[in-house]
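# Analysis of the macromolecular model
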Amino acid sequence: MMSYNWDNGSVYILENEKAQRVKVGVTTNNVALRLRDVNAIWLNKKVTCQICGSRRLANGLGLLPTHY
């Protein structure tokens, strides 16, 4: 059973009409910051590392920076 304290969180619904995508979620952070993060993912500015699985911001060439 999952428990969540609703007093400290926000539910958000983000819609990208051009990409025809909808993202529904819950965050304990600022919703505007979550929107910026999801927008970076939708614009392919934030990519997933195929080795470690973390999400990182791509550099100006669209490549994932070196990390350990």
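No experiment lies behind these values; they were computed from the predicted model shown.

## Here we look at helix H1 (residues 31-42)
Since one α-helical turn is 3.6 residues long, residues separated by three or four positions face the same way. With 12 residues, H1 ought to run about 16 Å at 1.5 Å a step, and its terminal C-alpha atoms sit 16 Å apart, in line with that. Those residues of H1 not exposed but buried are Asp37, Val38, Ala40 and Trp42. Structurally, H1 contributes buried residues whose contacts are with strand E1 (10-16), strand E2 (21-27), strand E3 (46-48) and strand E4 (55-57). Sitting at the amino-terminal end of H1 is Asn30, which places a side-chain oxygen 2.8 Å from the backbone nitrogen of Ala32. Following H1 by one or two positions, Asn44 adopts a phi angle in the positive range, close to 60°.

Cut-offs applied
Residues numbered from 1 in each chain as written. Predicted model: local features only at pLDDT ≥ 70, side-chain atom pairs only at ≥ 80, totals over all residues. Heavy atoms only, no water. Helix = DSSP H or I, 4+ residues; strand = E, 2+ residues; numbered from the N terminus. Expected span 1.5 Å × (residues − 1). Buried < 20%, exposed > 50% of the residue type's maximum accessible area, 1.4 Å probe, protein only. Contact = heavy atoms within 4.5 Å. Polar contact = N/O pair within 3.5 Å; in protein donor to acceptor, adjacent residues only side chain to side chain.

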